[in-house]
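Notes for the structure review
Chain by chain, the residues:
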Amino acid sequence: MLNLQNVTKKFTGDLFTQDFVAVNDLSFNLKTESVTGFLGANGAGKTTTLKMIMDFIRPSSGDIVFDSILGTNQMEIFRNIGFLPERPYFYPNLTGREFCHYLGKVSGMNTGEIKRNIDKWAPIFKIEFALDRTIKNYSKGMLQRVGFLVTLLHDPKLIILDEPLSGLDPIGRKELKSVIKDINNEGKTVFFSSHIVSDVEEVCSDVIFIKNGSLFYEGSVDKIIRENSKNDFTITAFDSNDLKHIFEVNLNEKDKKISSLMNEGFSIYSIEEEKPTLEEIVYEVKSK
Ligand SMILES: Nc1ncnc2c1ncn2[C@@H]1O[C@H](COP(=O)(O)OP(=O)(O)OP(=O)(O)O)[C@@H](O)[C@H]1O
Ligand SMILES: [Mg+2]
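Residues numbered from 1 in each chain as written. Chains lettered and ligands numbered in written order. Predicted model: local features only at pLDDT ≥ 70, side-chain atom pairs only at ≥ 80, totals over all residues. Heavy atoms only, no water.

**Let's talk about the overall build of the protein**
- In terms of helices and strands, the protein carries ten helices and twelve strands.
- For the protein, the spread of C-alpha atoms along the three principal axes comes to 75 × 50 × 40 Å.
- Per-residue burial over the protein gives 44% buried out of 288 residues.
- Here the contacts in the protein between residues at least 6 apart in sequence split such that 65% fall between residues at least 24 apart.
- Charge separation in the protein, taken as the distance between the mean sites of 35 positive and 41 negative side-chain charges, equals 6 Å. (Helix = DSSP H or I, 4+ residues; strand = E, 2+ residues; numbered from the N terminus. Buried < 20%, exposed > 50% of the residue type's maximum accessible area, 1.4 Å probe, protein only. Contact = heavy atoms within 4.5 Å. Lys, Arg positive; Asp, Glu negative; His and termini not counted. Charge placed at Lys NZ, Arg CZ, Asp CG, Glu CD.)

**Examining the coordination of the magnesium ion (ligand 2)**
- Taken together, T47 (OG1) and E86 (OE) make up the protein donors of the magnesium ion (ligand 2), found 2.0 to 2.6 Å from the metal. Note that T47 is positioned in helix α1 (residues 46-53) and E86 in the loop between β5 (81-84) and α3 (96-106), a separation of 39 residues in sequence.
- For E86, a relative accessible area of 35% corresponds to the partly exposed category. (Donors = N, O, S within 2.8 Å, 3.2 Å for Na, K, Ca; no water.)

**Remarks on the site of ligand 1**
- Neighbouring ligand 1 are 14 residues, the closest being G43, K46, T47, T48 and E86.
- Here an oxygen atom of ligand 1 and a side-chain polar atom of N42 are 2.9 Å apart.
- Separating an oxygen atom of ligand 1 from a side-chain N or O atom of E86 is a distance of 2.6 Å.
- Compared with its free state, where it exposes 640 Å², ligand 1 has 63% of that area covered by protein.
- At the level of secondary structure, the elements contributing two or more residues to the shell around ligand 1 comprise β2 (20-30) and α1.
- Among the elements that line the shell around ligand 1, the one with the most residues is α1, at three residues.
- Taken together, the residues of the shell around ligand 1 break down into five nonpolar, six polar and three charged. (Near = heavy atom within 4 Å. Polar contact = N/O pair within 3.5 Å; in protein donor to acceptor, adjacent residues only side chain to side chain. Areas by Shrake-Rupley, 256 points an atom, 1.4 Å probe, with all protein chains shown as cover. Nonpolar A, V, L, I, M, F, W, Y, C, P; charged D, E, K, R; others polar.)

Dropping the structure here:
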């Protein structure tokens, strides 16, 4: 869907500030029809990367190549992308509905199409009730929902969201995560940045993880968890007096332990692999 090839962004300093390399020789491939999480600590370079993808700022070197599914020229490509910035601007005196119509018109849609898409997405975002109120009275969660809706209005194939879940309460986060899954089920590719690792683990098939502007990991969420798993197992068994026992073994000892327990008259209740969470893996990386 999208390919970054050795992208570097250097912000040039002046008399008082030094040059700063925010993104350093970054290459990755965003898989078509995936939900990919873009992880990295504060200041890792996520927003800078997304801004370069959106052509708001230019890389100092390297290339950003879009798949032909998105189009063959710049205009067509950007029509097929929906982008929600980290700090979107909303016109405070418009109602949510007017704001949607305004941005829909700007992206070349007609009134009928805009109405149809508002009717389609507003119930999914649970924002219908607020669409006719002025935006200045919206809560953070309402703003985020309208921002998200506007991102989808022109039916893009690739949705890029910069911290779409930040500042939402747990229910709001849960609801928007479920919308992310829904839009992916429609065949759309979703790329979103976050530093809430458990959110990424929950909704993403893939992850791109950067550290100090450089790629740290690119691949499937399952794979990074598997690769970091220590192959430890917990066996829970009951003895003949119905007392519960827990045994920790590694992969090599597992089968032998199970058969010896059975020979000793234990009944095996469960065998669970101790998998690290993505959060634990990321935390370990950050503190290295
Ligand atoms: N215009 C700029 N001039 C100089 N430095 C910049 C500029 N924009 C960003 N930076 C620096 O680049 C680094 C990366 O910033 P960026 O906003 O991309 O991080 P981020 O990963 O999005 O962080 P966060 O999770 O806090 O949103 C930061 O150190 C930031 O101060
Ligand atoms: Mg950011």
